[in-house]
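# Breakdown of the fold
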Amino acid sequence: MKEVFMQLEEEKEFQQHLEESSVFDSGILCPNCMKTNLVEHSAVDLYCEGCAQEFIKVEKSIRFK
Ligand SMILES: [Zn+2]
């Protein structure tokens, strides 16, 4: 239950971030180059500044675009 609560809190913070800024660090390490965290352009769009790979968020995981 604690994990679910944490996710809800993160979701809330995530929404606040979206309102404050359109781009921010997702905290997810790029699975392609493993060098830098992905930047979020929206709730579903992620981008790696290290290797320029784009990702799409699918539920709790990410996929290559
Ligand atoms: Zn990368």
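Residues numbered from 1 in each chain as written. Predicted model: local features only at pLDDT ≥ 70, side-chain atom pairs only at ≥ 80, totals over all residues.

The next thing to look at is the nonpolar core. Counting residues in each nonpolar core, the largest one holds five residues, listed as Cys30, Leu38, Leu46, Cys48 and Phe55. If near-sequence neighbours (up to four positions away) are discounted, Leu38 is found in contact with Ser26, Ile28, Cys30, Leu46, Tyr47, Cys48 and Phe55. (Core = buried A, V, L, I, M, F, W, Y, C linked by C-beta atoms within 7 Å. Buried ≥ 20, exposed ≤ 12 C-beta atoms within 10 Å, placed from the backbone. Contact = placed C-beta atoms within 7 Å.)

Alternating positions in strand β3 (residues 45-48) separate cleanly, Leu46 and Cys48 being buried on one face and Asp45 and Tyr47 remaining unburied on the opposite face. Linking strand β2 (residues 37-40) back to β3 in an antiparallel pair, the connection comprises four residues. Note that β3 and strand β4 (residues 54-58) share three bridges and pair antiparallel. Within β4, the residue paired with Leu46 across the bridge is Phe55. (Helix = DSSP H or I, 4+ residues; strand = E, 2+ residues; numbered from the N terminus. Pairing = 2+ DSSP bridges.)

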